[in-house]
Amino acid sequence: MKLARIGAAMLIGILSLAGCGKEGLPDSYVDGSDFQYMQAAQVDFWFPVQKGRDGYYFLQNGFVYYYDQVSDTLLPLCNKAECLHDMEPDETRMKNCNGYINSIYGGDDPDTTGIFYCNGYVYYVVADDGSKRMGLYRVADDGSGRECVYSWPEGTGVFANWIVHRDVMYYSARIYEMVDDGEIATDRFEVFSLDLTDRFAEPESIYTTEEDILVWEVAEFCAYGNHVYFRPQGTYRQSEEDGDERLFQTSYEYDTEKKTVSAIPLPDGITEEQGRVDVCTFWEGRLLFKIYSEDKELTDTTDVYIADLDGSNASVFMEDVVQGKCMQTDGKYVYLSNGMVFWDLVAQNLRPMPPLTFEAYDGDGRLVDTFLHPHPGSFISARPVGDGGGMYNLTWSREEKELQLLSYDKSKIGSIGGAEIPVKVAARRKLGEKTYIYQRFFEGENEEDAAGGQASGAGI
């Protein structure tokens, strides 16, 4: 791989994103308030872990768990003295725990919504029991209370991905109107913002997809400073005479101060036929992205660019990068991994699977180290790389029949040399055999999930 140094520093449903900046906050990363881009699980843009004021929060098996790094304890996020939390054998009583999250998909997969920490609260989206209404909930970061922040009208849809940033939630909704014969007259997506500090606030539309685009979803949401990013995915509407379908490949940036939405420009010399801006992340206050082409194979190469937060002044950061590799950052290293290649092999049900491999680069694009992830799990994607405080992975141990929080030693990066990154068990939580959670994940049809597929990763 050739490297170039830089000179300067659903679907019928709702896909949600939060990232609107508040007045007075800097156009940089604010810890405790901002979207935690380093905790994103690439490929699926899922968020099973968040850093709080004094520890980390994990989503696992329908519960939010809190990990105290000082005492190495792992507990459900609930301070009710009489509550048995995840030790409860009765499902109805278990749902009264402040740390319990009901699934938006009717209870089949309670970990699909993700969680977000922002200014003292952990946010999540669920379907209210006994109804089809979607609700945004939050739990105080000490587990002292749970409340519904906003409830959408019945039939609004299913959330697929979302983030919270600076006390504002953004989400995309599919808007369609029916005519008398039941046909869809209009069909579009809109992106909305929702102020989480105003109890009486209503969603405000900030973006509507173009009429000539048949949009499947709005995805790849992320945020940094006073900027929010998203990408509609779809094709141009056309008649049969127009020939082959043309993909819509534009990513957008929303400036939360100016209240404007703009397409992220392609770097100079790159045309739409050559590719699109793909999978944004951040490095030293700037935007980092790949150019991705649907006409290329995952194993073909592309370039990585670094630009200002509005996409301007782009320059090459790395050359000849395999376009199927995931790209993540943690403030110290830029990571490339074969998570997307894993995803493709899983989809094709191909074997044998290659090891989940990470490459760590410095700010000049120089390779620092390569290492293997020892716990890729069955739901393959690039694990969150975590922040400077740690890399974790909350998962079930099939052998011990307990929850184990695995901690990966990032201090060894630079000397691993292609081997597995060192790992230890930082905390354990053993559940009784009579508990509802134990029976669900260790008995009957869910045994495969208990074997390692249900993993929440704050580490890779």
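Residues numbered from 1 in each chain as written. Predicted model: local features only at pLDDT ≥ 70, side-chain atom pairs only at ≥ 80, totals over all residues. Heavy atoms only, no water.

Chemist: Describe the overall build of the chain, with residues and values.
Modeler: Along its length, the chain carries four helices and 31 strands. Going through the 460 residues of the chain one by one, you find that 55% of them count as buried. For the chain, the exposed area adds up to about 19,600 Å²; of that, 46% sits on carbon and sulfur atoms. (Helix = DSSP H or I, 4+ residues; strand = E, 2+ residues; numbered from the N terminus. Buried < 20%, exposed > 50% of the residue type's maximum accessible area, 1.4 Å probe, protein only. Areas by Shrake-Rupley, 256 points an atom, 1.4 Å probe, with all protein chains shown as cover.)

Chemist: Report on the nonpolar core, specifying residues and quantitative values.
Modeler: Formed by 67 residues in total, the largest nonpolar core has its most connected members in Leu136, Trp162 and Met169. With seven residues, strand β15 (residues 213-224) is the single largest residue contributor to this core. (Core = buried A, V, L, I, M, F, W, Y, C linked by side-chain atoms within 4.5 Å.)

Chemist: Provide a residue-level description of the environment of Asp90, including the pertinent values.
Modeler: Structurally, Asp90 is set in the loop between β5 (73-76) and α1 (91-94). Judged by relative accessible area, which is 27%, Asp90 ranks as partly exposed. Put simply, Asp90 and Thr435 are 345 residues apart on the chain and 7.4 Å apart in space, counted from C-alpha to C-alpha. A distance of 3.1 Å separates a polar atom in the side chain of Asp90 from the backbone nitrogen of Thr92. (Polar contact = N/O pair within 3.5 Å; in protein donor to acceptor, adjacent residues only side chain to side chain.)

Chemist: Got a sec to walk through the sheet that holds strand β25 (residues 334-337)? Specific residues and values, please.
Modeler: Pairing within the open sheet is antiparallel, and its four strands lie in the order β24-β25-β26-β27. The open sheet has two edge strands, β24 (326-329) and β27 (367-372), and neither has a second partner. Going across the sheet, the axis of each strand differs from the next one's by a mean of 25°, ignoring polarity. For β25 and strand β26 (residues 357-361), the ladder comprises four bridges, and the chain directions are antiparallel. Within β26, the residue paired with Val334 across the bridge is Tyr361. (Pairing = 2+ DSSP bridges. Axes fitted to C-alpha atoms, helices over the stretch in contact; angles between N-to-C directions.)

Chemist: Please give an account of the pattern of salt bridges that cites residues and values.
Modeler: Taken as a whole, this structure holds 18 salt bridges when the rule is applied. Arg199 is the partner of Glu147 in a salt bridge, and the nearest nitrogen-oxygen pair spans 3.3 Å. Separated by 52 residues along the polypeptide, Glu147 in strand β9 (residues 146-151) and Arg199 in the loop between β13 (184-195) and β14 (204-208) bring together distant segments of the chain. You can call Glu147 partly exposed: its relative accessible area is 24%. The residue Asp308 makes a salt bridge to Arg286 at a minimum N-O spacing of 3.1 Å. Separated by 22 residues along the polypeptide, Asp308 in the loop between β22 (301-307) and β23 (315-322) and Arg286 in strand β21 (residues 286-292) bring together distant segments of the chain. (Salt bridge = Lys/Arg side-chain N within 4 Å of Asp/Glu carboxyl O.)

Chemist: Help me get a handle on the pairing of strand β29 (residues 402-408), residues and values and all.
Modeler: Of all seven residues making up β29, seven are buried, and the element is well covered by its neighbours. Burial of the side chains of β29 extends over both faces: Glu402, Gln404, Leu406 and Tyr408 are buried on one face and Leu403, Leu405 and Ser407 on the other. Two strands pair when backbone bridges link them, and β29 and strand β30 (residues 423-430) are joined in this way by seven bridges, in the antiparallel orientation. Among the inter-strand pairings, Leu403 is bridged to a residue of β30, identified as Arg429.

Chemist: Describe a nonpolar patch on the surface, naming the residues involved and giving the relevant values.
Modeler: Side chains of Leu214, Trp216 and Leu247 sit close together on the surface and give an oily, nonpolar patch of about 260 Å² of accessible area. Along the chain, Trp216 turns up in strand β15. Owing to a relative accessible area of 41%, Trp216 belongs among the partly exposed residues under this scheme. (Patch = residues over 30% accessible without salt bridge, like charges linked within 9 Å, V, L, I, M, F, W, Y side chains within 5 Å.)

Chemist: Explain the layout of surface pockets to me, using residue names and the numbers behind them.
Modeler: The gaps of empty space that remain are located by a probe, the size of a water molecule, rolled over the atoms. Considering only enclosed or pocket space, the second largest pocket measures out at about 450 Å³ in volume. Lining of the second largest pocket is provided by 19 residues; of these, Leu247, Gln249, Glu272, Glu273 and Gly275 occupy positions nearest its centre. (1 Å grid on protein atoms, 1.4 Å probe; cavity = no way out; pocket = protein on both sides within 12 Å on 5 of 7 lines; lining within 4 Å. Points joined across faces, edges and corners; volume = space filled by probe spheres on them.)

Chemist: So what's going on with empty space enclosed by the protein? Which residues, and what values?
Modeler: Of the voids in this model, the second largest cavity is the one considered here, and its volume is about 60 Å³. Forming the walls of the second largest cavity are Glu220, Tyr229, Phe230, Arg231, Ser251, Tyr252, Ile264, Val277, Asp278, Val279 and Cys280. In terms of residue count, strand β20 (residues 276-283) provides more of the lining of the second largest cavity than any other element does, four residues in total. The residue inventory of the lining of the second largest cavity, partitioned by class, reads seven nonpolar, one polar and three charged. (Nonpolar A, V, L, I, M, F, W, Y, C, P; charged D, E, K, R; others polar.)

Chemist: Can you lay out the side chain of Ser251 for me, pointing to particular residues and giving the numbers?
Modeler: Along the chain, the position of Ser251 falls in the loop between β17 (247-248) and β18 (252-255). Using a relative accessible area of 5% as the deciding quantity, one classes Ser251 as buried. Within the structure, the side chain of Ser251 is placed 3.1 Å from the backbone oxygen of Val277, a separation counted as a polar contact. Sequence-distant contacts of Ser251, that is, excluding residues within four places in its chain, are made with Phe230, Arg231, Ser262, Ala263, Ile264 and Val277. (Contact = heavy atoms within 4.5 Å.)

Chemist: How would you sum up the packing of aromatic side chains? Please name residues and give values.
Modeler: The full count for this structure, using the stated rule, is 29 aromatic pairs. Note on Tyr67 and Tyr392: the rings are 5.4 Å apart at their centroids and 65° apart in plane angle, and the pair reads as edge-to-face. Here the residue Tyr67 occupies a position in strand β4 (residues 63-68), and Tyr392 occupies one in strand β28 (residues 391-397), the gap between them amounting to 325 residues. Each of the two residues, Tyr67 as well as Tyr392, counts as buried. If you follow Arg138 out to its NZ or CZ, it ends over the ring of Tyr121, 4.1 Å from the centre. (Phe/Tyr/Trp six-rings, centres within 6.5 Å; stacked < 30°, edge-to-face > 60°. Lys NZ or Arg CZ within 6 Å of the ring centre and 35° of its normal.)

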